[in-house]
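# Chains, contacts and geometry: an overview
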Amino acid sequence: TMTEEITVRVIQCAPELGNVQHNVQLAEQAIKDAEADSVDLIVLPELFLSGYHIGHVDAEEVINSTADAIDRLTAAASKTTVVFGTPIESDGARYNAAVVLDEGELAGTYYKTHLYGNEESVFDEGSVLPVFQTSAGTLGIQICYDVEFPEVARQLTLAGADILVTPLANMRPFQHDQGVYGMARALENIRPHVICNRIGVERDVDFFGASAIYDERGRTVVSAGENTMVELTGTVKLAADGADTLQYIDDRRPALYE
């Protein structure tokens, strides 16, 4: 049942590297609380179930235990839509993935298409940009570094996304970049944009948070500070219009961009 306006909650937290059990419990509680508050869409960070640096722990063991964790979260999310990051193994390849749950079902999985730095030594690149139809609207999902390529959000928008969702594990010194991309991807596509970054230090990398929900004009609906564990809740419009004079999607000239 698609409504004009949805309530989104971003869970800015610090997953523990390799501790899937701890991380899944944190998510289960967040989902339970969000459902009690009638939240429509819950977003958790990139590689949330495993922690970021899985190349430095027993990746095989971690990935095996995420399968059970995904089942647990699917059961927990009986009334809401949830997006969270996890490593996934499929057909012998290993992906940095975002899983979409919707009302007790697995709605789909997105595999990160633009790998950053050392991620290439651990993960394979995804090669498709799907959108996911859920009870919270049609979601276009990108993961962290993907957001720095405007083509990704544009493709998702052209494919029918009502809302852009970006889980991240973004580290200092990229606070400024994250804010710019968060706003710009929303404004240029006339779509709300939800960005969920993690916090905490892992293997000397300092993840800063600063998660936010932006409206279809790139204006901040609600934003989180840095280094703080926080649940951020805001509402966005799904059938959003740009300013009358800003119809970027209609006014595009694709033949020029080939």
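Below you will find a few notes about this structure. Predicted model only: the values in this text are computed from it and were never measured. Throughout, a residue's number is its position along its own chain's written sequence, starting from 1. This being a predicted model, a pLDDT of at least 70 is required before a residue's local features are given, and a value of 80 or more before pairs of side-chain atoms are given or counted; all residues contribute to the totals for chains, interfaces and linings. Note that the side-chain values use all heavy atoms of the structure and ignore hydrogens as well as water.

## Here we look at the pairing of strand S8 (residues 163-168)
- For every residue, the accessible area obtained with a 1.4 Å probe (protein chains only) is divided by the maximum for its type, and the residue is called buried under 20%, exposed over 50%, and partly exposed between those limits. Where helices and strands are cited, they refer to DSSP runs of H or I of at least four residues and of E of at least two residues respectively, numbered from the N terminus. The buried fraction of S8 amounts to six of the six residues, a majority that puts the element mostly inside the structure.
- Covered by surrounding structure in S8 are Ile 163, Val 165 and Pro 167 together with Leu 164, Thr 166 and Leu 168, the residues of both alternating faces.
- Paired strands, as defined in this entry, are two strands with at least two bridges between them according to DSSP. Where strand S7 (residues 137-141) lies against S8, three bridges are found, and the strand directions are parallel. Bridging across to S8, Leu 139 finds its partner in Ile 163.
- Throughout, right-handed denotes a crossover for which the path from the first strand over the helix to the second runs clockwise when the strands point away from the viewer. Where the polypeptide runs from S7 across helix H3 (residues 150-158) and back to S8, its parallel neighbour, the crossover connection is right-handed.
- The parallel pair S8 and strand S9 (residues 193-197), bridged by helix H4 (residues 175-189), forms a crossover whose chirality is right-handed.

## What to know about the state of the cysteines
- Cysteine sulfur atoms are paired as a disulfide whenever they come within 2.5 Å of each other. All chains considered together, the criterion is met by zero disulfides.
- For the unlinked cysteine Cys 13, the closest cysteine sulfur is that of Cys 196, found at 6.5 Å.

## What to know about the side chain of Thr 166
- The residue Thr 166 is located in strand S8 in this model.
- Within the structure, Thr 166 has its side chain in polar contact with the side chain of Gln 142 (distance 3.3 Å).
- In what follows, residue pairs with any heavy atoms lying within 4.5 Å of each other are defined as contacts. For Thr 166, the contacting residues outside a window of four places in its chain are Gln 142, Cys 144, Val 147, His 193, Val 194, Ile 195 and Cys 196. Distance and chemistry together define a polar contact, namely a pair of N or O atoms within 3.5 Å, with one atom able to donate a hydrogen and the other to accept it when in protein, and with adjacent residues in sequence counting only for side-chain atoms on both sides.

## Focus on the pattern of salt bridges
- We count a salt bridge whenever a side-chain nitrogen from Lys or Arg sits within 4 Å of a carboxyl oxygen from Asp or Glu. Applying the stated criterion across every chain yields a total of 12 salt bridges.
- Note that Arg 72 and Glu 28 form a salt bridge whose closest N and O atoms lie 2.8 Å from each other. A residue pair is termed long-range when its members are at least 10 positions apart, and Arg 72 in helix H2 (residues 59-76) and Glu 28 in helix H1 (residues 20-36) qualify at 44 residues.
- By relative accessible area, which is 23% here, Arg 72 ends up partly exposed.
- When its relative accessible area of 23% is taken as the criterion, Glu 28 is described as partly exposed.
- Taken together, the shared-partner salt bridges in this structure form one network comprising Arg 9, Asp 37 and Glu 231.

## Brief notes about the side chain of Glu 46
- Position of Glu 46 among the secondary structure elements: in the loop between strand S2 (41-43) and H2.
- What makes Glu 46 buried here is its relative accessible area of 1%.
- Side-chain polar atoms of Glu 46 contact the backbone nitrogen of Ala 169, separated by 2.8 Å.
- Not counting residues up to four positions away in its chain, the partners in contact with Glu 46 are Tyr 52, Gly 85, Asn 96, Lys 112, Glu 119, Ile 143, Cys 144, Pro 167, Leu 168 and Ala 169.

Function cannot be inferred from these measures alone, as they are strictly geometric.
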